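So the chains spell out like this:
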Amino acid sequence: MGNLLAYSGIVTKLRAMEAKLLKPENFEEIASLQSVPDVVNYLRENSSYAYVLDLLDESRLHRGDIEKILTRQLYHEYSKIYRFCGLKQREFLSLYVKRYEIGLINYCLRIVINRYAEPFDLNYKKEFFDKYTQISIDKLITSRTTDELIDNLKGTEYYEPLRRLRDNPSVTLFDYDLTLSQYNLSTLWKNRKKILKKKELELYTRECGSKIDLLNLQWIYRAKKYYSMQPANIYTLLVPIHYKISAGQVKEMIEAPGIEEFEALLQNTSYAKHYDFGHQLTIEQMYTECLDRLYKAERRKNPYSIAAINTYLFLKEEELRKLTTALECIRYGLSSGETLAYIGGKIQ
């Protein structure tokens, strides 16, 4: 009864919000459109994005401006969920929001390392980050070098791992990205027991553990297929946490002599067995498909729990990813079939 009372208002709100998500038929219609202005007009008439799109200057319809508007919608929905949450659910959201912090730091690192002429455009993020995160946009936008950026993260949990890394004279943007990703996932895994208890701890462990497994699989696959990396270097890419894939299985896949041997070993994992990898899905699609099914299954079994929040935010972020991908495909004149292939064809 406790969870029902704690989550009844949140779940009702989330159901109303989920009803406004784009359907598979919406994406099929979007993929058939001929221009970015056509997509913007379609979204104004057929989606929950009408409000934020009204803020968009018609003369600024390139991808960056539209992505900013869509991101504001995500932040707006996170804020709505936060207002409906009690103290314990807000503690969970404080874990969830770390992915947005990592994304922001990665963006800023790209700016300072690549020395862009107009370094920062973060005003649209400021209100959200000031309210819900430990990061100060005002400090970050003064950064002109990597050292300044890292120093401007003093007082946050990200300062120390980045400070240690910058002392290496050969450090690259990839190294910073990798360190932040590994730190974030390891921290989520470690801190979950401090915030969640009993049933919610169990379901979050399944979700977080599966995500780590799937990301490790992706990194092994890409390292072998695209970069021909040696096993010793592949080990450094991975989060040192094993959930459904044992350390022995990971070792076998890393040390497999080629991509075909890796895929054969991948077939023996529970993820490939359940989701038919290699016949219909790429490894990137497998990642999304596995998480989609897992989140929805957990929500069905535990409707009045953090699974309701986790599932909705996952679906919303997937919607935004598909929209921005579709916009890019349309901008480059791809056919509707090609666009649907890039965005995964349909939303389950």
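So, how was this worked out
- Residues numbered from 1 in each chain as written.
- Predicted model: local features only at pLDDT ≥ 70, side-chain atom pairs only at ≥ 80, totals over all residues.
- Heavy atoms only, no water.
- Phe/Tyr/Trp six-rings, centres within 6.5 Å; stacked < 30°, edge-to-face > 60°.
- Helix = DSSP H or I, 4+ residues; strand = E, 2+ residues; numbered from the N terminus.
- Lys NZ or Arg CZ within 6 Å of the ring centre and 35° of its normal.
- Buried < 20%, exposed > 50% of the residue type's maximum accessible area, 1.4 Å probe, protein only.
- Core = buried A, V, L, I, M, F, W, Y, C linked by side-chain atoms within 4.5 Å.
- Contact = heavy atoms within 4.5 Å.

Here we take up the packing of aromatic side chains. With the rule as written, the count across this model stands at 19 aromatic pairs. On the basis of an interplanar angle of 75° and a centroid distance of 5.9 Å, the ring pair of Tyr158 and Tyr183 is categorised as edge-to-face. Remark: Tyr183 occurs in helix α12 (residues 173-195) and Tyr158 occurs in the loop between α10 (146-151) and α11 (159-166); sequence separation between them is 25 residues. The ring of Tyr96 has Arg99 lying over it, and the distance from NZ or CZ to the ring centre is 3.7 Å. The cationic tip of Arg192 hangs over the ring face of Trp189; the distance from NZ or CZ to the ring centre is 3.8 Å.

Even without being a glycine, Lys198 presents a positive backbone phi close to 50°. Mapped onto the fold, Lys198 is located in helix α13 (residues 198-225). Even without being a glycine, Ser228 presents a positive backbone phi close to 50°. If you trace the backbone, Ser228 turns up in the loop between α13 and α14 (231-235). Classification of Ser228 as exposed rests on a relative accessible area of 56%.

In this section: the nonpolar core. Formed by 110 residues in total, the largest nonpolar core has its most connected members in Tyr100 and Ile309. Looking at this core element by element, the count peaks at 13 residues for helix α19 (residues 306-331). Not counting residues within four places of it along the chain, the set of residues in contact with Tyr100 comprises Leu74, Tyr75, Tyr78, Phe128, Phe129, Leu313 and Glu317.

Any link to function would need more than the numbers given here.
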